[in-house]
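One letter stands for each residue in the lines below.
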Amino acid sequence: MFSLPLRDDAFLRPLEIWHAEEFAAHMDRAREHIRPWVGPAFVTDDLDGARGTLRRYAERQAADGARLYGIWLEGTLVGGAMFVDFDTTFGSCEIGCWLEPAAEGLGLITKACRALLDWAFTDRGLHRAEWHCRADNQRSSAVAVRLGMALEGVRREHWPFDGIRYDKQIWAVLASELRTRRPAGDNLTPTE
């Protein structure tokens, strides 16, 4: 298993089925905070739901598709980053994230997502990465900007939540753009 340091007390690691109990406990802390911003199938309500979510991502990863990674802060799962979609045929992916309130503002999401972008573009040779978020999710839009993405468009009233339809932003960056926008020395590399 790999472990990528995001800072001295935080690590990015694969989030797998055997983490189901830890993922369920994390969802108990994060559920209401993230529910408006992530897809409803991701927000689980119990251990069986946690296993189901982790199993879906494991199956998709086995087919060289979507992948799921957890962020551990001081040994506790506090959030994660993911390839919501990963398509080598089209050379594109979509990156997503979530985080419980106690871990916000530490730069963990930006570093984790940057590591995913580096891997997708450098190791896998993908051409394009997207970021989708509700238009009123300023924290998420700010991450897309920090990742060097450009706002490409808005799908009007595309995101239903709690009886209201919200606009959805589509951000993207191309591999060539990311290389030219990245500050020198701003690369992360996996460690054992």
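Residues numbered from 1 in each chain as written. Predicted model: local features only at pLDDT ≥ 70, side-chain atom pairs only at ≥ 80, totals over all residues. Heavy atoms only, no water.

1. A closer look at the overall build of the chain
Move 1: Looking only at helices and strands, the chain features 5 helices and 8 strands.
Move 2: Traced from its N-terminal end to its C-terminal end, the chain shows the element sequence β-β-α-α-β-β-β-α-β-α-β-β-α.
Move 3: Scaling as 2.2 N^0.38, a compact globule of 192 residues should have a C-alpha radius of gyration of about 16 Å, and the chain matches this with 16 Å.
Move 4: Projected onto its principal axes, the C-alpha positions of the chain cover 45 × 45 × 35 Å.
Move 5: A buried classification covers 47% of the 192 residues belonging to the chain.
Move 6: By sequence separation, contacts in the chain at least 24 residues apart represent 60% of the contacts at least 6 residues apart.
Move 7: Accessible area of the chain: about 9,700 Å², with a carbon and sulfur share of 50%.
Move 8: In the chain, 24 side chains carry a positive charge and 29 a negative one; their mean positions are 4 Å apart. (Helix = DSSP H or I, 4+ residues; strand = E, 2+ residues; numbered from the N terminus. Rg over C-alpha atoms; globule rule 2.2 N^0.38 Å. Buried < 20%, exposed > 50% of the residue type's maximum accessible area, 1.4 Å probe, protein only. Contact = heavy atoms within 4.5 Å. Areas by Shrake-Rupley, 256 points an atom, 1.4 Å probe, with all protein chains shown as cover. Lys, Arg positive; Asp, Glu negative; His and termini not counted. Charge placed at Lys NZ, Arg CZ, Asp CG, Glu CD.)

2. So, the layout of surface pockets
Move 1: Reported here for the largest pocket is a volume of approximately 970 Å³.
Move 2: What lines the largest pocket is a set of 41 residues, and nearest its centre among them are Trp37, Val38, Cys97, Trp98 and Ser140.
Move 3: Put simply, the parts of the chain that give the lining of the largest pocket at least two residues each are helix H1 (20-34), helix H2 (47-62), strand E4 (76-87), strand E5 (92-99), helix H3 (108-123), strand E6 (128-134), helix H4 (138-146) and strand E7 (150-161).
Move 4: When its residues are assigned to classes, the lining of the largest pocket shows 22 nonpolar, 11 polar and 8 charged. (1 Å grid on protein atoms, 1.4 Å probe; cavity = no way out; pocket = protein on both sides within 12 Å on 5 of 7 lines; lining within 4 Å. Points joined across faces, edges and corners; volume = space filled by probe spheres on them. Nonpolar A, V, L, I, M, F, W, Y, C, P; charged D, E, K, R; others polar.)

3. Examining the pattern of salt bridges
Move 1: Using the criterion set out here, one finds 13 salt bridges in the structure.
Move 2: Aspartate 9 is the partner of arginine 7 in a salt bridge, and the nearest nitrogen-oxygen pair spans 2.6 Å.
Move 3: Looking at arginine 7, the relative accessible area reads 31%, which means it is partly exposed.
Move 4: A network of salt bridges, in which partner residues are shared, links Asp28, Arg31, Glu32, Arg35 and Asp45. (Salt bridge = Lys/Arg side-chain N within 4 Å of Asp/Glu carboxyl O.)

4. Quick notes on the packing of H1 against H2
Move 1: H2 packs onto H1 with a crossing angle of 115 degrees between their chain directions and a minimal axis gap of 8 Å. The orientation of H1 relative to H2 falls into the category roughly perpendicular. Regarding H1 and H2, the two cross each other, and that crossing is right-handed. Contacts between H1 and H2 involve Ala20, Glu21, Phe23 and Ala24 from the former and Leu47, Ala50, Arg51, Thr53 and Leu54 from the latter.
Move 2: The class makeup of the residues in the contact of H1 with H2 is 6 nonpolar, 1 polar and 2 charged. (Axes fitted to C-alpha atoms, helices over the stretch in contact; angles between N-to-C directions. Parallel < 35°, antiparallel > 145°, perpendicular 65-115°, else oblique. Left-handed = near helix turned anticlockwise from the far one by under 90°.)

5. Regarding the pairing of E7
Move 1: As judged from the 8 bridges shared by E7 and strand E8 (residues 164-174), these two strands associate in the antiparallel manner. Bridge pairing links alanine 150 to alanine 172 in E8.
Move 2: Following E7, the chain reverses through 2 residues before pairing antiparallel with E8; aspartate 162 in that reversal takes a positive phi of roughly 55 degrees. (Pairing = 2+ DSSP bridges.)

6. Points about the confidence of the model for the chain
Move 1: On average, residues of the chain score 91 in pLDDT, and 92% of them reach the 70 mark or higher.
Move 2: Contacts from residues 187-192, a stretch scored under 50 in pLDDT, to residues over four places away or in other chains number 16 contacts. (pLDDT = per-residue confidence, 0-100.)

7. Digging into the packing of aromatic side chains
Move 1: The final tally for this structure, using the stated rule, is 7 aromatic pairs.
Move 2: Taken together, a centroid distance of 5.8 Å and an interplanar angle of 70 degrees make the contact between phenylalanine 23 and phenylalanine 42 edge-to-face. One end of the pair, phenylalanine 23, is in helix H1; the other, phenylalanine 42, is in the loop between H1 and H2, with 19 residues separating them in the sequence. Each member of the pair, phenylalanine 23 as well as phenylalanine 42, carries the same accessibility label: buried.
Move 3: When the centroid spacing of 5.0 Å and the interplanar angle of 70 degrees are considered together, the rings of phenylalanine 83 and phenylalanine 86 count as edge-to-face.
Move 4: Residue phenylalanine 83 is classed as buried on the basis of its relative accessible area of 1%.
Move 5: Feature note: the residues Phe23, Phe42 and Trp98 constitute an aromatic cluster, connected by ring pairs.
Move 6: Lying across the ring of phenylalanine 86, arginine 67 places its NZ or CZ 4.5 Å from the centre. (Phe/Tyr/Trp six-rings, centres within 6.5 Å; stacked < 30°, edge-to-face > 60°. Lys NZ or Arg CZ within 6 Å of the ring centre and 35° of its normal.)

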